[in-house]
Amino acid sequence: MSDGTSASSPDDFTVRRALAKSISAIESGGPEALTIEQTALQQPASAHVLGITGPPGAGKSSLISALLPHALDHYGAVAVLAVDPSSSVTGGALLGDRVRMDYRHFEQKVFFRSMASRGQQGGIAAATRASVNVLDAAGWPLVIIETLGIGQVELDVMALADRVAVVLNPGWGDSFQANKAGLTEQGDAFVLNKADRPGLENAKILLEQSLQCLPAATPPRVFTTIATDGEGIPELWQGLAELMQDAAKNPHSRRRSEAAREAAKTQLIQDFEAFLASPAAGSPENAQLGDAAELLQRFYRQRD
Amino acid sequence: MPKRILMAKTGLDGHWRGPTIVARALRDAGFEVIMIGMATTAEIVAAAIDEDVDLVGLNVGGHIDVALRAVDAVQSAAPDMPIFAGGTIPPHACKQLQAKGLEVFPPGSMLTDIVDSANRLTGLSAAQ
Amino acid sequence: MRPKDPQDTVQACSDIPLKTYYTAEDIPSSHAQRTNIAPGEAPYHRGFHPSGYRSKPWRIFQLSGFGKPEDENERIKFLLKNGETGFIMEHDRNTADHCYNVDHPEVLARREDVGLTGAVMQSVRDTAICLDGLPMDTSFGHAGGAVVQHAPFALAAYWAVAKKRGYDLSKLAGTGQSDFNLTYLGCVTKQQIPTDAGLRFNGDIIEFCTEHLPRWVPVSIAGYNGADTGLTPDQELGSLFANAVEYLDEIQLRGRIPLEVAARGCGGVSFRASIKIFEEACKMRAARLMWSDLLKQRYNIKDERVANLRIHCVTAGSKMAYQQPMNNLVRGALMAVSAVLGGVQSLGVSGYDEALSIPSEHAHQMSVRIQQILMEETGLTDVTDPLGGSYYVETLTAQLVEKSWAFFEEIQTRGGYLACLDSGWLHAKAEENQHKEFMQTESGEANIVGVTMAHDDSSPFEIDGFIGTDDAFDVALERLKEVKRTRHEKGAKNALKDLERVCRSSDNIMPIMMDCLEAEATLGEVGDVYREVFGDWRTPIQC
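Residues numbered from 1 in each chain as written. Chains lettered and ligands numbered in written order. Predicted model: local features only at pLDDT ≥ 70, side-chain atom pairs only at ≥ 80, totals over all residues.

Chemist: Got a minute to help me understand the interface of chain C and chain B in this structure?
Modeler: In this assembly, 33 residues from chain C lie in contact with 31 residues from chain B. When residues of the side of chain C that touches chain B are traced back to their parent elements, those giving at least two are helix H4 (93-96) and helix H19 (425-443) of chain C. Residue contributions to the side of chain C that touches chain B peak at five residues, all from H19 of chain C. Per-class residue counts for the side of chain C that touches chain B are twelve nonpolar, eleven polar and ten charged. (Contact = placed C-beta atoms within 7 Å. Helix = DSSP H or I, 4+ residues; strand = E, 2+ residues; numbered from the N terminus. Nonpolar A, V, L, I, M, F, W, Y, C, P; charged D, E, K, R; others polar.)

Quick look at the structure:
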């Protein structure tokens, strides 16, 4: 594991803060964000990226909290990006995912970042993609993306993650039917969380039937869990770990493709060059441009 | 760009009335409010750093020494990060927090004053 | 506060528009028939007993506790000496609410908080110190255990001490709490057993008391904790009865004890007595009427010893202001008046320093004195239900009943009270009201003297809050080590193993909890069993 994610000397706050500030810079957008992502993309992709999606209240955060100890055992360190909606009126947001996390497993080995969607549709924030790339470049071996509740169009997480788990609850059946065309194709694993609620068997049958209609040779697996008391969690983690290993072995099968990374890189370089050629580049307010990027580069070097 | 505020409770006492009202007012004023609930000093610092917030809000409910420890830890990890505090804080404890540079809002404080303070404090931190 | 124009709408807290005056025509006809019924007769809205406070004054019952068990013991003795007529044990919330010992990392991280809100009682030895010399056999004791997962431990500790002193449990009078409103709505803890496990605990306590402690009030639903979290009076009533129905349905489903007995066990409740005097008095009247109707209509229970609701009241802590704290003496007295006019059986008055700290000795003494003045000097006790027959009070009582039943029904349509806690629906209601109330103060629509008007920055009567002791943590840690060193280790471990087995079964948890306490198992060890077996409740709130 890289130095930046473990130790406890005061310096580590500097490095960790630099990482956090890079993500803020990405969220703010503009030329600095471009520099940071461009720098990050110079590193080969090595992190495993797991997407967790599902409707509001399905228990995504509790599930991630319960999975963390297993993920930490396996990967040594885990970064989580949790996306919540921004108010379209005020631009403000209440980001409450951390409240559901069990911090006993946190220490310095978990990097947790709450992101407001800031007007972005699709279940993630505009900055989520670049943040994944930065975390990857900074040496975080597993990045978990928790999207805000999904509807028909909120499936953008799929293009950022290697594998995606969809979290549902018993009784979700009716609305799930309406969505199944989109959803069943987008999940690599399905989790029926809050399995102690009535309607589990029905939901499971319904789900498995829908999944069997997919063209894939082996339909995605369905897991049942009660995140709050740990039931089904070891089995779920085992299944997810296998999926992630499979993605690593078969890079072409990843949902986030190398081609997409390359396209992002090209786009970024174009954007950045366009900016450098513009009059804004020379203005005094951009004089400090690249501070965070520079820190980040220091961090990348440290990692090597 | 919206400013980010971390809201934490230093004690294990789960009264959520005060922090909820304040969080809602801050959100309505356009802030991104990151809630972490009851948190230890180490958890508050880690969250403040990872979330790269512009301001830390502490809901203080218990002994003032617990809050002071959290203040010291945040100030040492991120000296430029402003902090404000609210909750059941008796006058002697308010003075101790103020001595560390905090703005303090005991019961009876107006939400508009709290929002003003958040605007001021995040504006200052951006200028630094 | 006075509206700008007398004809402007004025609303009761329960969102009921108030007229400028009332006449006989305003009383709904269904209720009008009931106004001539005497106190002590069903549906009891006019009072528990015909001769009311002339035959039995209310119990002066103050929350008390801090520091070490001996500090709490001393404070309780002080209150009893000053005229308190029952006593309440407060447990340290850091440890008790979470079932942690003081060496738990969450507690270690906040060691200075330990003992701030109640004494640390991690084993039966600590409880024995707290109860030393207290009249357990002749006085009405509250064993603490306000939070659901803590209740079995707190009760068993109290009863184990009583047994050891040779008292007959079947004659022991007192009360537990295990309040869902506090645990899952008002004061959400960091770790807590889920609501279904909580319901099972309370069912177990009710059954155990029926068999072994018939004079004990097994659980006490606290509307107070709903109201002080933001529920309006009608919502406080509606949710309280929705809660009671969960208990009674559970007992009915188990079918092991007569429902009448269980209903009697649930019929000791607490409400908040807030500052709107008439609405609050009406709330107590409405509560008795609703309980009587509920038992009759839903369970066909008519026994008057069961259907006659007994009410404990605490004045609203959240109405006590931080600024100019001496004003709170007046607020405390007036809120107590509302409770007494409503005919409650038991009363606690919040300390004037409530907004700053737990009560100082002086604040506690004044809370008792307020009650003594009301009881001895004011004539409030002379006539039962002195407000009965008032056009306004009878109308408002009837309107409250109607509105509260509507809220009760709304909870039922959302799957019941537990489901509304799990989903966060009740929390959202409370938050909405809090926000509204705050905004009214903020906009100048409502005033708080000393806070939004009549400012006085140079008051010479400022107080600095009560600090308590500074050795509660150290002593608790020492005693924890001591009990683990000197107890019969194998006995304690076996009892805990049995507890785990019982928790995983559907057997009653209380007999084995008594064994655990007698074997000197500690609070944190019991909590560890719960966490292992029941997991954690997923809190629906974000703070």
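Chemist: How should the interface of chain A and chain B be read in this particular structure?
Modeler: The accessible area lost on association of the parts is a frequent measure of interface size. At the interface, 25 residues of chain A touch 24 residues of chain B. Every element with two or more residues in the side of chain A that touches chain B is listed here: helix H1 (10-28), strand E3 (93-95) and strand E4 (110-116) of chain A. With eight residues, the top contributor of residues to the side of chain A that touches chain B is H1 of chain A. Looking at the side of chain A that touches chain B residue by residue, the classes come out as twelve nonpolar, eight polar and five charged.

Chemist: What exactly am I supposed to notice about the nonpolar core here?
Modeler: If you look at soluble globular proteins, the nonpolar side chains tend to sit buried side by side. If you look at the biggest cluster of nonpolar residues, it comprises 156 residues, and the most contacted ones within it are Ala-156, Ala-157, Leu-499, Met-513 and Cys-516 of chain C. Per-element tally for this core: the top contributor is helix H7 (residues 151-164) of chain C, with eleven residues. If we skip the residues at most four places from it in the chain, Leu-499 of chain C touches Ile-512, Met-513, Cys-516, Val-526 and Val-529 of chain C. In terms of nonpolar packing, the next biggest core, distinct from the first, is built from 128 residues, Phe-111 and Val-166 of chain A together with Val-74 and Ala-93 of chain B among them. (Core = buried A, V, L, I, M, F, W, Y, C linked by C-beta atoms within 7 Å. Buried ≥ 20, exposed ≤ 12 C-beta atoms within 10 Å, placed from the backbone.)

Chemist: In this structure, what is going on with the pairing of strand E2 (residues 78-84) of chain A? I would like to understand it.
Modeler: Every regular strand shows the same layout, with side chains that alternate between the two sheet faces. Residues and elements named next belong to chain A. A large share of E2 lies buried, amounting to seven of its seven residues. On E2, burial covers both faces: Val-78, Val-80, Ala-82 and Asp-84 on one face and Ala-79, Leu-81 and Val-83 on the other are all buried. For E2 and E4, the ladder comprises seven bridges, and the chain directions are parallel. Looking across to E4, one finds that Val-83 is bridged to Met-115. Bridge analysis of E2 against strand E5 (residues 142-146) gives five bridges, and the strand direction is parallel. Paired with Ala-82 across the two strands is Glu-146, which belongs to E5. (Pairing = 2+ DSSP bridges.)

Chemist: Is there a simple way to explain the sheet that holds strand E3 (residues 55-60) of chain B in this structure?
Modeler: Note: strands within a sheet are paired through backbone hydrogen bonds, in either parallel or antiparallel orientation. Here we have six strands laid out as an open sheet, ordered E3(A)-E2(B)-E1(B)-E3(B)-E4(B)-E5(B), and parallel in their pairing. Two strands lie at the open edges of the sheet, namely E3 of chain A together with strand E5 (103-105) of chain B, each paired on one side alone. Put simply, the sheet's adjacent strands are angled 20° from each other on average, direction ignored. Looking at chain direction, E3 of chain A and strand E2 (residues 32-38) of chain B are connected through three bridges and run parallel. If you follow Leu-95 of chain A over to E2 of chain B, its bridge partner there is Ile-34 of chain B. (Axes fitted to C-alpha atoms, helices over the stretch in contact; angles between N-to-C directions.)

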